[in-house]
Structures are given as structure tokens and as C-alpha cells.
Amino acid sequence: MLSMEGAILPDISLRTRALRLIERCLKLATANGDGGPLYDELFDCRERLRQPMRVAVVGLTNAGKSTLLNALLEEAIVPTGPIENTYTITWLRHGAPPRMTVHFKDGRPPQVRDTSELADFVGWQSDVRALDLIRFVEVRRPNAILSRLDLIDTPGFASPLVAGTNATLSFLQARGNELSAITREEAMKADAVLYLFSQSIHTSDEAVIEQFQGPASGRATPFNSIGVLTKADVYWNTGVDPIAAATRITTRLMSHPKVRSLLYSLTSVCGLMALGAATLTETNFVTLQKLAALTDETISRAIRSAPRFADRPVPGLNATAADRQALIESLGLFGIWMATRFLRNGADDLHSLTRALLQHSGVPQLRELLISHFGGRADLIKIESALHRVESAAFREMQQSNEPTRRRAERIAGAFSAFRNSEHGFEELDALKSYYDGKLVLSPDETDDLLSVSGERGTSLSARLGLAEDASRVVLRRVAAEKNAYWYTKANDFAPASQEMRLATNTVSRTYELILFELERTPEKMHR
Amino acid sequence: MPDFTRQKYEVLQLLQEARALARSRETPEVEELLNEAIERVTKGQLFVAVCGEFKQGKSSLLNALLDELALFPVDVDVTTAIVTTIRDAEKETIRVWFEDHRKAPMIIDRREIAKYVTEVANPKNEREARLLAIETPNQHLHDGLVLVDTPGVGGLNVRHSDITLALIPNADVVVFVSDALAPLSQNELTFISESILPHSRDIIFVMTKIDQEREYERVIDANRLRLAPLLGHDPEILGVSSRSKLDYLVSSDKEDLTDSRFPEFETTLWRVLNERSGHLLTLRGLTVLRRALGQLRTPLQAALDGYRSTSEKEIDDIDARLRGALERLHRLEEEGAAWRTVLAEGLDDIRRVVLDHEYDAGVHRARSRIGRLLADERYVEAPARLVESVQAEVVALATALAKSTLRRAAILQARIEASSSVNVALGKMDAIVIDVEAPDVAGIAEAHRGLWSRVVDVGKEATLSGTGAGLFGSILGAIVGATAAFLTGGLAAPAIAVCAEIGGALGTIAGTATGIKRGLSTVNNEDRENAQRTIRETITPFLDESLTTCRTKVDGSFSALRLAMIGDFVAKLVQERKSLERARIDLEGARGATHAQALHRAAEIQGYLDEIAQIESRAATLAESILASAREPSAAEPSSEPSSAEYGGRNPS
């Protein structure tokens, strides 16, 4: 698979070039020995570029944030439960050995604690006053996904208007409001955001959209936000396939122009089932096997109700109440049902059952999406936001009367704008933004071209051409040439109604040109 | 059997016995009076408002409550916000009412319900349905239960919030539905504290989907912890499983029924309904019964006295008194009768109290409350909530003023009837009354006098408006633009007069609110100070205008109220007159009777009178037990927050 970044800059990556640019500017900024805001901004950008992508998980209370986070990590790290339980921000980062650092608001030095104590620092059963002093909790785990992305668990957004007089409640409410503010801040700082919502879709789409654009909307664009409908398993009722039901909901929501302008994609998952599958024990497996041996009627009847399954013996099932309770807690009713289906259909060991359940939960697909979308484009997204910040900091500095400072800022701004102009990727981002802002008038086929070629559906050459990964070089070249011709004509013959249209059509045509160039330039074998 | 059902059955039994007696005495006017009472008790309605965030949970809950597998479509996806009412009828009729008032309601089949309430079939309510009214034979609704499913809380259901807001303060019971998947959200708590608690304390908290969460008890505990500070007491929360109840309908397995916990839910529902307003329906039946028995007794008593008299002279005396009473009645029916002035002046007084004192106090409260909200910076992010708060305040004020007007009017009517009563002592026939509510009725033991005045006191609230909730039906009717009697079971004409005006006012205000919400949604809240000023400059005139509309409409309802009350009183006078005319005819029969004939007739009449006395005494016993099982009719007890509901509930004396 070949990526455009490689095509445009064969020797060093965009990220490295951006880092070099920043290094150069940092030197410039300190040439006279003083730092200043522009220096701070550059320094901060460099740090951000060096670190993994930061993804904040946000949503209303009880949207299933912590459960999904654990499911993505495939281990139960952050505490979960039927009552909302997250009152602190947890920043999950890669690191070994596992450790937890508590950061305080009052400037006290951070405390290193055992990760097993996490529940005491985020849940509200713990000492509520102590919670108030915590700014965030940092957890390091040697977890594969964390090597690609930092994940940030946030408390649910509190509704802005609440009545409460009870002392604990008002404390929690005040804390909730404060946390909303902190969460908002975190989401602003994060490079990408996962918006979670559960079936608490109210009565209208507008209410759902409000959830996406409301509290954390700071810098949300379709580039850096993904919506997730969690708890899809609750739709499991009267024979409905909950996954299909959830997909129906997300598809309908995604057809909403407002939603499209806010989210890159909207997907659904069964977080609980995924987490349960990932952490399934041998004992759980044995109980499930015994259950799967019973008749369908007995199984359905037993799992019609969670309290019934947990508290009353199932006829013909030789399992203790503790066994049954453990199953309900880890997999939920739908998870148990699916497990018995997979066991009947050939999943004969714990590993294959886990895999089947995970695959069905939608979580691995979400993880893939996260890594390919955020991970793959991470640099472009991060550099884009870094450019913005540095440019505006430079602009502010250029207003100063101090001659050396102004000249220095001008040079830095000049370097950045040259960098921006040399990088075709940014033009693609601009074209996409115009599209998402609804400023382009395109036919469905043209829309398809724009989204594919600018990497919205994958950054390999074939994905950009809208072709299968195994398409031959001949086909790739033919399609690239055809599309280039089409868009070139559109950009030049057609007098576009707007500046945005002119820029976008030119960009698309130019991208096809670059792809063609790349196909000519690189050796045959690299494309197969 | 719930208390209410049993008591209602017994009241109907007594009314039917009295009707049989009236029939055998060939008194069609009394028979008619009793027929009406039977119909009112039979059709008397109790309104249950079902509120909650999750439409899905509510639809399943209603299906499960009604033993219907799929009356309400249950879909995983969102459903359209539309108010739905369900009540009992002999045959099923389902009507859809539309946004456009001029469009006639459409009759649909139950399979077509989905076409109106699901987002898939009716996206964004493009069919512009406003209300779905289902009448269907259902044993759970036999006792006059009317379930009203309201659109979800919060959200942006601009168009229907007017109906929900009008409903809640007037429902007999509010059932608040949440589910076991999550504890009550702050959205829900806000809805409870801002939209329900100021108007009604009769809330049943139901938590559905207990089948989905093994630890549902923990969720109940968490909800109790959240509700207690709002309610000032630890509430009872009923966990139920609609799924288990629906399973039971298919499986007939008792385990499913037990697990569903629906039997407990129904028991609670009926207990609260009975405490709140069920007793008003039954007591009202009993007061009409007493009046009918009085009208039956008057001629019998006259005839008995006649047969027992020793001379023509005595009969002449009795007749003279009857004639005297009749003359008074005639004079009362005349245009220039003093009571008409009393009524007009009384209504003027009521108008002053309601429109000056109560309205002013209400305006003060609404303004200071909205003012507080306007000062709260957090509302900058939710200006639509402010519009809803204004609507809620105005609706609460309008309905409180309507209730107060009707309650005061009922008391005025009772006074006029008492002061105009033809209460002439006629020897042994010690009472001829035109007002059943006057305590001195022969044959009723002294001890019972206090009882009946309590019955009358308790029933006063209901005299003109059916039950407290009877108002709602006609307000709803007025809002959807139907005839005012829509949905109401025998609402008295004066109540209809007032409700039609109120409904109109609420419709007007809702229309304005929609536009204002749209306008405010574009306010840029980046610059908070500026945004707050813009919001204030929009909300304040909206509040003032809505309050003025409310006052104008309540004021405008007084002339219709006066005419309706006059009509009502004249109808009573005519009934009394007929009773007295019959007494004169019966008395004539006593003239020239032989001693033996007289003895025989007297014994026969005595038999009737004994029967009347017997029914009356059973009615007294029943009234006693109904009063004992009922709570005093109270509007919402004032919470720490001064609420608009306080304007009601006070007697003028």
C-alpha cells in the first residue's frame, strides 16, 4: 500500500519536516534571548507533534463512556456501573509498568499510586471532598492501542440547569458544572473527539445533534470527530437484531446534513458485550457451554430478564448463582444470547468465542476506524491546527511596535505560510472543509470523487481512486488519468460560482495529477 | 377491586334503585335527573398524564398496562412527538387531529397509528398531526381512566409543549416514567422540579426495564437520593418490566406477571387516583341522589299529610303552603328576581378577586421567577428553556385562575340556592327544599347533617368542573380546536365556558412561543453579556404579552359563565316547581277519601317514604366511607419555591 505522503515527499515525512520547521522557528524566536507568547506557542506545538494523538471521549452522563473505553482497551481499567460513576478526568497513556499519577489543582506535587486505586479517585462513593482537589488522573498501561492514541475519559456533561438542595448533591452538581468546564477545555485541547450517546436519544434528531455540537463543540470538525451510539444491545427485544437496529438509527442520523457537518462518521457498538468478551474467563466459558446445550426456549426464557437469570436457577443448568451473575455482569443479556449462538455454530474454545463476540460488537471496527482515521491523518490534522495557532500568534506579535519582534514574527509567519503552500495536503483539507461547510455544489459522483481522492476513505492510492486495494497498476493509471481529465476540465472550462468551488476543483484535479505522477515514478512492484 | 371501583359500583346501585322508584312514581323529571347522574358517574373521567423522556419506554408501558401487545408501535428509533389520549368505549374509534384547526379529524384504523407516531413513517411529523385520540374497549379503562401520553420531556418539541404544559397542572395523577438503564438525568430532574412539582404533588414514579438491569435496586436508590431533595420526602419508586407483562400476555405464566410488577403498579395508580379525585366523582353522584330523593319525597310527604289530616281545612292549609312555595319559585324564575342581581354582583366580586388580586399576585410571581432565570447566566446556552418557562408560568396562572373562578362560582351558586330555598314548614312535612345542599332534610339523623355538609364542601370543587381534571379535557379540546366538550364526560356548562377561553389563550401563546424560540436559537452566545441582553429584551415582552392575553381571556369568559350559571339555576328551579306541582296533585287525591282509603294510601305512601329513607341512609354510610378513604382535595402543597399553583385552593370566606 502506498500513501500520498510518501508520494509527495519521498525522503522525510511531513511530520519530520514540520518538526524541523518548528525547530528552526524556535531558534529564530529565541535569537534575541527572549521567549514570549510566540515562542510558547511554538514550543507547545512541537510537544504536541511529538506526542501521540489525543482522543477525548465525551458525552452525557451514562452514555457508556467508561465501558467503551475499557472495551477499546480490552481490559477493565476505569470503573463502570449502572450509576454514573466518573467524576474525574482520566488520561490513559502508553507506558510500562502500569502506574497511576494523580495531578492536583492546588499545585501540590503529583502523587504516584497503584492503578488498583483508580476507582477511589474517580467514583463518587469515595471521599467527595478529596475529588474536588483532583485536576486529573493519569494512567499508564502497556496497551497496544495506547501506543497509537492517548485516550481521555471524561465525566458526563452536566445539564446546565439543575435544582438540588441536598449537600452531597449540590457538591456533585457544582463539581459537575466545573467538570463540564474542564471537559470542555480538554476536548478543546484534544486532537480528536469521540462523541458518545446511548439510546437516550430524546424525541428528536435535533436533541441528538445538540449533544454533538453543544458542550464540546469548541473545535469539532468532521476531521476530528466521530460519533458512537453505544449500548446497541438494549435494542435487543422481540427478535430485533440490535446491531441492525442501531445501524438503522445511525444511518438515518448521518443522512442529516447537520450531523454530517459535525461528524466524520457515526457508528454503533455494544460496549458491554465487547468488554465482556475481551475479559471472558474460563469459568464464564464453561457456564456458557452448559447454557448453550439447553433448548432455545429454555435459554430465551432464562435470559428474558437480567434479575431472573441472576437470581433464579435455570431449569437444567448446572451453574451456581455466582456463575450466572458473573455472566450477566460481563456480557449482558444480548451478549449471553450471542455467545450461545456462536457456541452452537462452531466456536469451540474461549479464544474463538471471544473473537466472534468482539467482531459482532462493533468495537474492533471502531478501533480500526480510530487508528486509520485519527492515526493515519493524525499528523495532517495536528499540523493543520499547529499552523493555525502559530500563524495567529505570529499575527498578534506582528502588531507590536517593537521592530525586532515584529520582524522576527514576520519571518516566522512567512516560513509557515511557505510550508503551507508547499504542502498539497493542506489544500485537500481546505477543499474538504468547503465541502463539509456546504459551500460546494457537486453531483453525487463528484462528491464521491472528492471524498475518496482527499483520503476520507483511506490514504492508499487505490482508496483515493475509489478502487479495491488489489486493483492493477493499469487500472489505477487509467482511472487516475480519466478523473484527472474530468476535474481538469471542470476546473478550467466551467466558470465556478464561488471561490471555494474554483479552489476545490483545482485541488481535486491536482491531486489526481499527483497520483498519476506517483504511479509513473514508483517501481511497478510497490503497487501490488 | 380498587376502592374506587367498588364505591362507584355502590353509588350506581343506589342511583339505579332511586331511578326505579322515580319510574314507579311516574316522575319523569326526577328520572331524568337520575339518568344524568348515572351517566356522569359512569362516564366520569380520571386523567392520568404519562410523562418521561423515553417514548419507547412509555409506549411499551402503556401497551403492558392495557394488556395490548402492540397498540402503540414500539420502535427502537425515535418516535414523533404527538399527544395521545386513550379511553374506554364500546367500539374502537381512533381519531387524528391536525395542526390546522380547520382540518377535520380523521378516523383511522389501529394499524395506521404507526403512520403518525413513528419517525420513519412520519418524519418530523410532516403529516402535521397534533393529537391522537384512541377510544377502545378495554377493561383497564372501564372506570373512566383516561391515559394521556405526552411527548418527551426537554428536547425541542416546540409545537406540542403547549399541550403537555396545560396537561400536567390539571391531570389527576402524573406518572413519570424513567428506565433502569440509567439513573434520572439532570434533564429529567429539571423537568420534574420545574414543570411538574410546582403544579402537582400527585406523581407516581415508575422505572421501566427492570428486566435489563440486574442491579436495578441500586438505580432506584440513586433516583430516590436525587428526588428526595426536590420533593422534600423520600419517594416511592416502582420498578416494573413491561417486557415481562407482555410476555405474560403470551405465556400466561404467573412468573412473568409477578416479575412484571404491574399488579403493584395498578394498585398504586388506583390508590393515588382515589385519594386525589376519584372520590369527587362518587360524592357528586351521591349529592344528586339526595336532591332526587328530596324531589321524590316532597309530593309523597304532602300526600301523606293529606291522608292523615282530619279535615278539609287542614288539607287547605297544606295546599296553601304548597301554593306559597310555588309562587316563590315563579317569582324566582322571573327576569327581575333578586338572585340574578346577587349572581351578577357575586360574579363581579369574583372577577375582582381573581383578576385583580390573584392575577396581580400571579404576575408578580411569574415576573420575579422569570427575572431570576434571566439573571442566571447559564440560560444563555438554553434560551428555548426560558421560552418554555414563560409558557409554563402563564399556563399555570391561566389554569389556576380558571380553577379559582370555577371554585368561587360554585360556592356562589350554592349560596344563592341556599338563600332562595323554599323552606316552608308544613306541619309534619317539615321540609320542602329546593336545595339538596341545605342540611335540614327530614329523615336524616342529626349526626348526618355534618356529614352531608362535608360531602358538599368536598364536592364543591367538582360541582362545576367535574373533577379537577375535567378542566383539562376542554382545555385540550380548545387547543386542538375541537368543540369544547371534546373528551369531557359531562362537564357542566359554566366550566366549558371558562375552559374554551383559556384554551384559546394557550393556543395563541404557543404560536408566539414557537416564533420566539426560532428567533432565540440564532442568538450568538459567544458574547455572553450581549446575548443575555438580547434574550432579556425578547423574553420580557413575551412574558408581558402572554400575561395580558391570559387576563383578557379569563376576563372574557365571565359573561359566558354568567349565562351558563343562570341557565343552570333556572333548570333547577323548574325541577323543583314540577316537584311541588306534583305534590299539589297528590294532595288533591286525599280530598274526599274515605277513612279506610286514607289509611290504606297512607300506609302505601309510608312504604315509599321508608324506601327513600333507607336509600338515603345507605347513601350516608357510603359517603362516610368515601370521605374516609379520600384525602382533602388540595392543589399542590406550596413548595419552598412559591408556585403558581398557590393561587387556587382558597375559599373566599
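Parameters and conventions
- Residues numbered from 1 in each chain as written.
- Chains lettered and ligands numbered in written order.
- Predicted model: local features only at pLDDT ≥ 70, side-chain atom pairs only at ≥ 80, totals over all residues.
- Heavy atoms only, no water.
- Helix = DSSP H or I, 4+ residues; strand = E, 2+ residues; numbered from the N terminus.
- Contact = heavy atoms within 4.5 Å.
- Areas by Shrake-Rupley, 256 points an atom, 1.4 Å probe, with all protein chains shown as cover.
- Axes fitted to C-alpha atoms, helices over the stretch in contact; angles between N-to-C directions.
- Parallel < 35°, antiparallel > 145°, perpendicular 65-115°, else oblique.
- Nonpolar A, V, L, I, M, F, W, Y, C, P; charged D, E, K, R; others polar.
- Pairing = 2+ DSSP bridges.
- Buried < 20%, exposed > 50% of the residue type's maximum accessible area, 1.4 Å probe, protein only.

A. Examining the overall build of chain A more closely. Along chain A, the regular secondary structure elements total 24 helices and nine strands. Within chain A, residue pairs in contact and separated by at least 24 positions form 74% of the contacts whose partners lie at least 6 positions apart. Accessible surface, chain A as shown: approximately 21,900 Å² in total, 54% of it carbon and sulfur.

B. Representation of the packing of helix α1 (residues 3–24) of chain B against helix α10 (residues 262–308) of chain B. Residue and element names in this part refer to chain B. For the pair α1 and α10, interaxial distance at closest approach is 9 Å and the crossing angle is 10°. By the angle between their axes, α1 is roughly parallel relative to α10. Here D3, F4, Q7, K8, V11, L14, L15, A18, L21 and A22 of α1 lie close against α10, whose contacting residues are W270, N274, G278, L281, T282, G285, L286, L289, L293 and L296. Looking at the contact of α1 with α10 residue by residue, the classes come out as 13 nonpolar, five polar and two charged.

C. Local environment of the sheet that holds strand β5 (residues 134–141) of chain A. Residues and elements named next belong to chain A. Taking strand neighbours across the sheet as the criterion, the nine strands line up as β4-β3-β5-β2-β6-β1-β7-β8-β9 in an open arrangement whose pairing is mixed. Two strands lie at the open edges of the sheet, namely β4 (111–113) and β9 (265–268), each paired on one side alone. Strand-to-strand twist in this sheet, taken as the mean axis angle between neighbours without regard to direction, amounts to 25°. Summarising the sheet, strand β1 (residues 53–59) and strand β6 (residues 149–153) pair through five bridges and their orientation is parallel. Among the inter-strand pairings, A56 is bridged to a residue of β6, identified as I152. Packed onto the sheet, helix α10 (residues 242–254) meets β7 (192–197), β8 (225–229) and β9 and runs at close to 165° relative to β9.

D. Spotlight on the pairing of strand β6 (residues 145–149) of chain B. All names here are of chain B. Across the five residues that make up β6, a large majority, five, are buried. Across the two faces of β6 the burial is the same, with L145, L147 and D149 and V146 and V148 all buried. As paired elements, strand β1 (residues 46–52) and β6 share five bridges and run parallel to each other. Note that in β6 the partner of F47 across the bridge is V146.

E. Highlighting the sheet that holds strand β4 (residues 106–108) of chain B. Residue and element names in this part refer to chain B. Reading across from one edge, β4-β3-β5-β2-β6-β1-β7-β8-β9 is the order of the nine strands in this open sheet, with mixed pairing throughout. Each edge of the open sheet carries a strand with a single partner, namely β4 and β9 (237–239). Across the sheet, the axes of successive neighbouring strands diverge by a mean angle of 25°, strand direction being ignored. Those strands touched by helix α6 (residues 186–196) are β1, β7 (173–179) and β8 (203–208), and its axis lies near 170° from that of β7. The sheet strands contacting α10 are β1, β6, β7, β8 and β9, and the helix crosses β1 at an angle near 135°.

F. Fine view of the environment of S244 of chain B. If you trace the backbone, S244 of chain B turns up in helix α8 (residues 242–251). Remark: the alpha-carbon pair of S244 of chain B and R261 of chain B, spanning 17 residues in sequence, is separated by 8.6 Å. Other than its neighbours up to four places away in sequence, S244 of chain B contacts R308 of chain A together with D256, D259 and S260 of chain B.

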